[in-house]
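Residue-level listing of the chains:
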Amino acid sequence: MADAPSDKLRVDKWLWHARFFKSRSLAGEAVANLRVNGQPVDKPSQAVRPGDVLTFMAGRRVRVIRIEAIGTRRGPAPEAQALYTDLDPPTPKTEGETGVAPAPPAAREPGSGRPTKRARRDIDALQRRGP
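All values reported here derive from a predicted model rather than from experimental measurement.

Analysis parameters
- Residues numbered from 1 in each chain as written.
- Predicted model: local features only at pLDDT ≥ 70, side-chain atom pairs only at ≥ 80, totals over all residues.
- Heavy atoms only, no water.
- Helix = DSSP H or I, 4+ residues; strand = E, 2+ residues; numbered from the N terminus.
- Buried < 20%, exposed > 50% of the residue type's maximum accessible area, 1.4 Å probe, protein only.
- Contact = heavy atoms within 4.5 Å.
- Areas by Shrake-Rupley, 256 points an atom, 1.4 Å probe, with all protein chains shown as cover.
- Core = buried A, V, L, I, M, F, W, Y, C linked by side-chain atoms within 4.5 Å.
- Pairing = 2+ DSSP bridges.
- Phe/Tyr/Trp six-rings, centres within 6.5 Å; stacked < 30°, edge-to-face > 60°.
- Salt bridge = Lys/Arg side-chain N within 4 Å of Asp/Glu carboxyl O.
- Polar contact = N/O pair within 3.5 Å; in protein donor to acceptor, adjacent residues only side chain to side chain.

Visitor: Would you mind showing me how to read the overall build of the protein here?
Guide: When helices and strands are counted, the protein shows 5 helices and 7 strands. A burial count over the protein gives 23% of its 131 residues as buried. In the protein, once contacts between residues fewer than 6 apart in sequence are set aside, the share between residues at least 24 apart is 41%. If you sum the accessible surface of the protein, you get close to 10000 Å²; carbon and sulfur atoms cover 52% of it.

Visitor: Which parts of the structure should I look at to understand the nonpolar core?
Guide: Nonpolar side chains in soluble globular proteins tend to end up buried together. With 22 residues, the main nonpolar core has Trp14, Leu15, Phe20, Leu34, Leu54 and Phe56 as its most contacted residues. Mapped onto this core, the elements with two or more residues apiece are α1 (11-17), α2 (24-30), β5 (53-58) and β6 (61-67).

Visitor: Sorry, what's going on with the sheet that holds strand β2 (residues 35-36) here?
Guide: Pairing between the strands of a sheet comes from backbone hydrogen bonds, and it takes one of two forms, parallel or antiparallel. Reading across the sheet, the 5 strands line up as β3-β2-β5-β6-β7 and stay open at both edges, with antiparallel pairing between neighbours. The open sheet terminates on both sides in strands that have one partner only, identified here as β3 (39-40) and β7 (84-86). Strand direction decides the pairing type here: β2 and β5, joined by 2 bridges, are antiparallel. Looking across to β5, one finds that Arg35 is bridged to Thr55.

Visitor: Got a minute to help me understand the packing of aromatic side chains in this structure?
Guide: Aromatic ring pairs are defined here through the distance separating the ring centres and the angle between the ring planes. According to the stated counting rule, one finds 5 aromatic pairs in the structure shown. For the pair Phe20 and Phe56, a centre-to-centre distance of 5.2 Å together with 80° between the ring planes defines the contact as edge-to-face. Taken together, the residues span a long stretch of sequence, with Phe20 in the loop between α1 and α2 and Phe56 in strand β5 at a distance of 36 residues. In this structure Phe20 comes out as buried when scored by relative accessible area, which is 13%. On the accessibility criterion, Phe56 (1% relative accessible area) is buried. Members of the aromatic cluster, connected to one another through ring pairs, are Trp14, Phe20, Phe21, Phe56 and Tyr84.

Visitor: Looking at this model, I keep getting lost on the pattern of salt bridges. Mind explaining?
Guide: Should their charged atoms come close, side chains of opposite charge can pair. Counted under the stated rule, the structure contains 8 salt bridges. In this structure, the salt-bridge partner of Arg63 is Asp88, at a minimum N-O distance of 3.0 Å. Separated by 25 residues along the polypeptide, Arg63 in strand β6 and Asp88 in the loop between β7 and α4 (95-98) bring together distant segments of the chain. Through salt bridges with shared partners, one network takes in Arg61, Arg63, Asp86 and Asp88.

Visitor: Just to check I follow, could you spell out the side chain of Arg63 for this structure?
Guide: Given the relative accessible area of 12%, Arg63 is considered buried. Among the polar contacts made by the side chain of Arg63, one reaches the side chain of Asp88 at a distance of 3.0 Å. The residues touching Arg63, leaving out its near neighbours within four places in the chain, are Phe20, Leu54, Thr55, Phe56, Ala58, Asp86 and Asp88.

Visitor: Which parts of the structure should I look at to understand the pairing of β5?
Guide: The two faces of the sheet receive side chains in turn, since in a regular strand these alternate between them. Residues Leu54, Phe56 and Ala58 of β5 are buried on one face, while the alternating residues Val53, Thr55 and Met57, pointing to the opposite face, are not. When β5 meets β6, the two strands line up antiparallel, connected through 6 bridges. Across the sheet, residue Leu54 finds its bridge partner in β6, namely Ile65. Where β5 hands over to β6, the hairpin turn is made up of 2 residues, of which Gly59 adopts a positive phi near 70°.

Below, the structure written as structure tokens:
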């Protein structure tokens, strides 16, 4: 019966299967700031099962994920995305959604910065003439 699929899996292994972290050791380190169903987790060996809600930091984002399935391997991204449902609110990306226009690029005075190709040729021509 050792080959029978289980309905639970270690949380670090599940996070790695679901491709939230590039390595299992990174997933194990992330467990320090992880909550399962609102309860803090102490060890990477904590078992999770379908229906559990995970809250954790992935980069600079706080992720809220509901486990839908337990993976058997770390497969391709579409297979990994089928393992969970993202409960995060969508992040606004355009002016219409946020109501705030993106910042304009920094203003430069004419002639500052790198020279254009034409300006570079003129500079080289002046230097070749010499005194």
